[in-house]
Amino acid sequence: MDADIALFGKVKQGSIASFELIFDKYYQQLCAFSNLYLKDHETAKEVVSDVFSYIWLKREQIDLKANLRSYLFRSVKNLSITRKRGMKVMTQGMDEVSPEAALSYEHADSEILSTEFEKELEGIIEKMPKQRQLIFRMSRLQGLSYNEIAIDLSISPRTVQNHMVEAVKYMSSFRKHLMQLATHLGLLFISYVFV
């Protein structure tokens, strides 16, 4: 059995130590790979961190059909391309972005005008701790990098990353509700809050 698959089996069972081993083994390679697409080291680091956050949060549902290395590089590639295009469209399992979603993204911001939807989203965000709210808003709503947020708030980029992992985890618990509301209101749902 591939050593990475064995490690990932332990990750699925909640082993932080195994997760850290995988993270340490691939982090630098994945950052360099992401940077090939993005040409921005800070954004590349964020992409890789987001992929690892996603993997940790969804570890029990992930069923590797190929080796772990392929899965990691494919996930980083897909998210890098999505970020490069400037969009954060919800993807299932970090699969390829659909052509329909890519074409409709240009109009997404103007379509999320519903006061009802915005109030619901705002109410969910406001339930987070104050500093996490601030960091989340700066990242997802203002588009600042983790490094820019860290400088603005005089905290470490790692603290920003930790807050974002928790914020995305929290917001993900409301994804289904928000998707249903968006569908009900006839809005294109984008998950700038979940990626």
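Residues numbered from 1 in each chain as written. Predicted model: local features only at pLDDT ≥ 70, side-chain atom pairs only at ≥ 80, totals over all residues. Heavy atoms only, no water.

1. A short note on the pattern of salt bridges
Overall, the coordinates contain four salt bridges when judged by the stated rule. A salt bridge links K45 to E42, with the nearest nitrogen and oxygen atoms 3.7 Å apart. Here K45 pairs with E42, and both are found in helix 3 (residues 41–57), just three residues apart, close to one helical turn. Here E42 falls in the partly exposed class, since its relative accessible area comes to 27%. (Salt bridge = Lys/Arg side-chain N within 4 Å of Asp/Glu carboxyl O. Helix = DSSP H or I, 4+ residues; strand = E, 2+ residues; numbered from the N terminus. Buried < 20%, exposed > 50% of the residue type's maximum accessible area, 1.4 Å probe, protein only.)

2. Thoughts on the packing of aromatic side chains
Each aromatic ring pair is specified by the distance between its two centres and by the angle formed by the two planes. One pass over the structure, following the stated rule, counts seven aromatic pairs. When the centroid spacing of 4.7 Å and the interplanar angle of 25 degrees are considered together, the rings of F23 and Y27 count as stacked. Highlighted residues: F23 and Y27, both in helix 2 (residues 16–38), separated by four residues, approximately one helical turn. Summarising the aromatic geometry, the rings of F33 and Y37 are spaced 5.5 Å apart at their centres and angled 80 degrees between planes, so their arrangement reads as edge-to-face. With a gap of four residues between them, F33 and Y37 both fall in helix 2, about one helical turn apart. Every member of this aromatic cluster is reached through a ring pair, and the members are F19, F23, Y27, F52 and W56. (Phe/Tyr/Trp six-rings, centres within 6.5 Å; stacked < 30°, edge-to-face > 60°.)

3. What about unusual backbone geometry?
The backbone of K39 shows a phi angle near 55 degrees, a positive value even though the residue is not glycine. Looking at the secondary structure, you find K39 in the loop between helix 2 and helix 3. Judged by its relative accessible area of 64%, K39 falls in the exposed class. Phi at S154 takes a positive value of approximately 55 degrees, unusual for a residue other than glycine.

4. Points about the confidence of the model for the protein
Scored by pLDDT, the protein has a mean of 76; 74% of the residues are at 70 or more. When pLDDT is averaged over each element of the protein, helix 9 (residues 146–153) comes out on top at 91 and helix 6 (residues 108–111) at the bottom at 40. Note on residues 87–113: pLDDT under 50 across the span, and 47 contacts to partners over four residues away in sequence or across chains. Of the regions scoring below 50 in pLDDT, residues 188–192 engages in 22 contacts with residues more than four places distant in sequence or in other chains. (pLDDT = per-residue confidence, 0-100. Contact = heavy atoms within 4.5 Å.)

5. Let's talk about the packing of helix 1 (residues 3–12) against helix 2
At their nearest, the axes of helix 1 and helix 2 sit 8 Å apart, and the two run at 135 degrees to each other. Here helix 2 runs oblique to helix 1, going by the angle between their axes. Taken together, the residues of helix 2 that come into contact with helix 1 (itself represented by D4, L7, F8, K10 and V11) are S18, F19, L21, I22, K25 and Y26. Partitioned by chemical class, the residues of the contact of helix 1 with helix 2 number seven nonpolar, one polar and three charged. (Axes fitted to C-alpha atoms, helices over the stretch in contact; angles between N-to-C directions. Parallel < 35°, antiparallel > 145°, perpendicular 65-115°, else oblique. Nonpolar A, V, L, I, M, F, W, Y, C, P; charged D, E, K, R; others polar.)

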